[in-house]
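Descriptive structure summary
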Amino acid sequence: MFKKHTLFPDTPALTRTPQREVPAWMRGIYAGICLYLFLAALNVLGSGMGTFGGESDFLERAFAYGENPFIALLAGVLVTMIVQSSSFTSALIVTLVATGEMSLGTGVFAIMGANIGTAVTGVIVALANIRIRRNFRRSFTAALLHDFFNILTVMVIFPVEWITGWFHETGRGIFTQAAAWLSGVIGLEEVARPDSPVKVITAPVVNTVDFIGASMTSTATSEGLVVAALGLVLMFIALILMVKNLRGALLRHVDGLFRNYFFRTDPRAYSVGLVSTVLVQSSTITSSLMVPLAGAGVVRIRRVLPFMMGANLGTTVTSVLAATANPMAAAMTVALFHVMFNLTGTAIWYPLRRIPLRVAIWYGGLAGRKPSYAFLFLFGVFLIIPLVGIGATELFLSLR
């Protein structure tokens, strides 16, 4: 009855056509580029802060007041946060003990702090997803699992090691005594500490940013701060691009591989964390990579904890290698203490894994609804608790 309106005839421009999907191999290349930029950013950040710490004599002075075990613990946390590598911190501690610049008692408590410090990067990485509420909740929960494992393990081993040291003639705690006994039994040939393959392949980016930082500033201290800032910016850019890619078609292709193979069981997730950390020589890198993967839903939250446990054990290989490069009883004792710390933590908290898992999911949900809870966690754990701990340990030491 009515004549069809032909003023705007159907044309390809006005009809909805399915959007052409980007080929999986192109997304794979894109993911590899994002991964490379992320790894390079971590090393740029570490290079900048390492330059700053070296020029300001910060690393040595951070451990200067290690007679208070809690201060030694916090020094390990702080140095690891600055250089973005618990492997570097643990190797540094072993070397300082070997050269006599640090006591064995200070070294074991600083090693505990290095484990906590390496978990801070994961929280920073999770903050890159703060605009996407669901991803942020999952990624922050994954970061909390790493934090809680290390913090809960320190809460168990720190007081036991400190108190039992009071009753030993040399002041060594029970874990240090066990590590010292093992160092007397195990004999390893002297080897050089290998270069991390990640540092080798990311060296061009790191050297370029170092050159830019040097050309922009006149002092080495300010150069370190500029390079660290550029590294932080690069890390956030790489993470945003990585998460965006993971939420695309690539997620559908790799989801089955991750869920059904690499992270199908807890032992397999633990092995992946262990082996990958040994290969890249940094638990900061492997644990930080897990955060966006969990945030994008590629890895189930319940598989994150065993992966983090394996990553923590993997980073102890660096300290053992550093000890064999400095074959002294005290250095090997600190390295073996590092191994025992992570094995003990796994032995305690894997059977009780529901405790850190439920707490992390609960607090991750709070942070997902109100991101201010994420900053409250950082403020409380790394400022309020340290101040209270220093005051408490100083009080105990004054009463002895």
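Residues numbered from 1 in each chain as written. Predicted model: local features only at pLDDT ≥ 70, side-chain atom pairs only at ≥ 80, totals over all residues. Heavy atoms only, no water.

1. Some remarks on the overall build of the chain
Assigned secondary structure in the chain consists of 19 helices and zero strands. A buried classification covers 51% of the 400 residues belonging to the chain. Surface accessibility of the chain: about 19400 Å² in total, with carbon and sulfur atoms responsible for 67%. (Helix = DSSP H or I, 4+ residues; strand = E, 2+ residues; numbered from the N terminus. Buried < 20%, exposed > 50% of the residue type's maximum accessible area, 1.4 Å probe, protein only. Areas by Shrake-Rupley, 256 points an atom, 1.4 Å probe, with all protein chains shown as cover.)

2. Thoughts on helix H5 (residues 104-117)
Compared with an ideal rise of 1.5 Å per residue, which puts 14 residues at 20 Å, H5 spans 20 Å between its outermost C-alpha atoms and is within 8% of the ideal. When you tally the buried positions in H5, you get 13 out of 14 residues, the bulk of the element. (Expected span 1.5 Å × (residues − 1).)

3. Some thoughts on the packing of helix H7 (residues 133-166) against helix H15 (residues 301-314)
Here H7 crosses H15 at 45 degrees, and the two axes come no closer than 9 Å. One finds that H7 runs oblique with respect to H15. Handedness of the H7/H15 crossing: right-handed. Judged by residue contacts, Arg138, Thr141, Ala142, Leu145, His146, Phe149 and Asn150 of H7 engage Ile301, Val304, Leu305, Met308, Met309 and Asn312 from H15. The residue makeup of the contact of H7 with H15, split by class, is eight nonpolar, four polar and one charged. (Axes fitted to C-alpha atoms, helices over the stretch in contact; angles between N-to-C directions. Parallel < 35°, antiparallel > 145°, perpendicular 65-115°, else oblique. Left-handed = near helix turned anticlockwise from the far one by under 90°. Contact = heavy atoms within 4.5 Å. Nonpolar A, V, L, I, M, F, W, Y, C, P; charged D, E, K, R; others polar.)

4. With respect to the nonpolar core
It is characteristic of soluble globular proteins that their nonpolar side chains tend to be buried jointly. Grouped together as the largest cluster of nonpolar side chains are 90 residues, with contacts concentrated most on Met112, Phe140, Phe158, Val304, Phe337 and Phe377. Top element by residues in this core is H7. It accounts for 14 residues. Discounting residues that sit within four places of it in the chain, Phe337 has contacts with Val108, Ile111, Met112, Ile157, Glu161, Phe175, Thr176 and Ala179. (Core = buried A, V, L, I, M, F, W, Y, C linked by side-chain atoms within 4.5 Å.)

5. Concerning the packing of aromatic side chains
If you walk through the whole model with that rule in mind, you get 12 aromatic pairs. With centroids separated by 5.8 Å and ring planes inclined at 50 degrees, the aromatic side chains of Phe263 and Phe307 adopt a geometry described as tilted. In this pair, Phe263 sits in the loop between helix H12 (249-262) and helix H13 (266-280) while Phe307 sits in helix H15, placing the two residues 44 residues apart along the sequence. Following the ring pairs from residue to residue traces out a cluster consisting of Phe136, Phe140, Phe148, Trp362, Tyr363, Tyr373 and Phe377. (Phe/Tyr/Trp six-rings, centres within 6.5 Å; stacked < 30°, edge-to-face > 60°.)

6. Observations concerning the packing of H7 against helix H8 (residues 174-185)
Where H7 contacts H8, the axes come no closer than 7 Å and their chain directions differ by 80 degrees. As the angle between them shows, H7 and H8 are arranged roughly perpendicular. Of the residues in H8, those in contact with Ile157, Val160, Glu161 and Thr164 of H7 are Ile174, Phe175 and Thr176. Along the lines of polarity and charge, the residues of the contact of H7 with H8 split into four nonpolar, two polar and one charged.

7. Side note on the side chain of Thr316
Mapped onto the fold, Thr316 is located in helix H16 (residues 316-325). By relative accessible area, Thr316 is classed as buried at 3%. There is a polar contact of 2.5 Å between the side chain of Thr316 and the backbone oxygen of Leu313. If near-sequence neighbours (up to four positions away) are discounted, Thr316 is found in contact with His338, Val339 and Asn342. (Polar contact = N/O pair within 3.5 Å; in protein donor to acceptor, adjacent residues only side chain to side chain.)

8. Focus on the pattern of salt bridges
Scanning the entire structure with this criterion turns up two salt bridges. One salt bridge connects Asp266 with Arg303, and the closest N-O pair in it is separated by 2.6 Å. Taken together, the residues span a long stretch of sequence, with Asp266 in helix H13 and Arg303 in helix H15 at a distance of 37 residues. A salt bridge links Asp266 to Arg353; its shortest N-O distance comes to 3.9 Å. One end of the pair, Asp266, is in helix H13; the other, Arg353, is in the loop between helix H17 (329-349) and helix H18 (354-369), with 87 residues separating them in the sequence. In this structure Asp266 comes out as buried when scored by relative accessible area, which is 10%. A relative accessible area of 32% means that Arg353 is categorised as partly exposed. In this structure, a network of salt bridges that share partners links the residues Asp266, Arg303 and Arg353. (Salt bridge = Lys/Arg side-chain N within 4 Å of Asp/Glu carboxyl O.)

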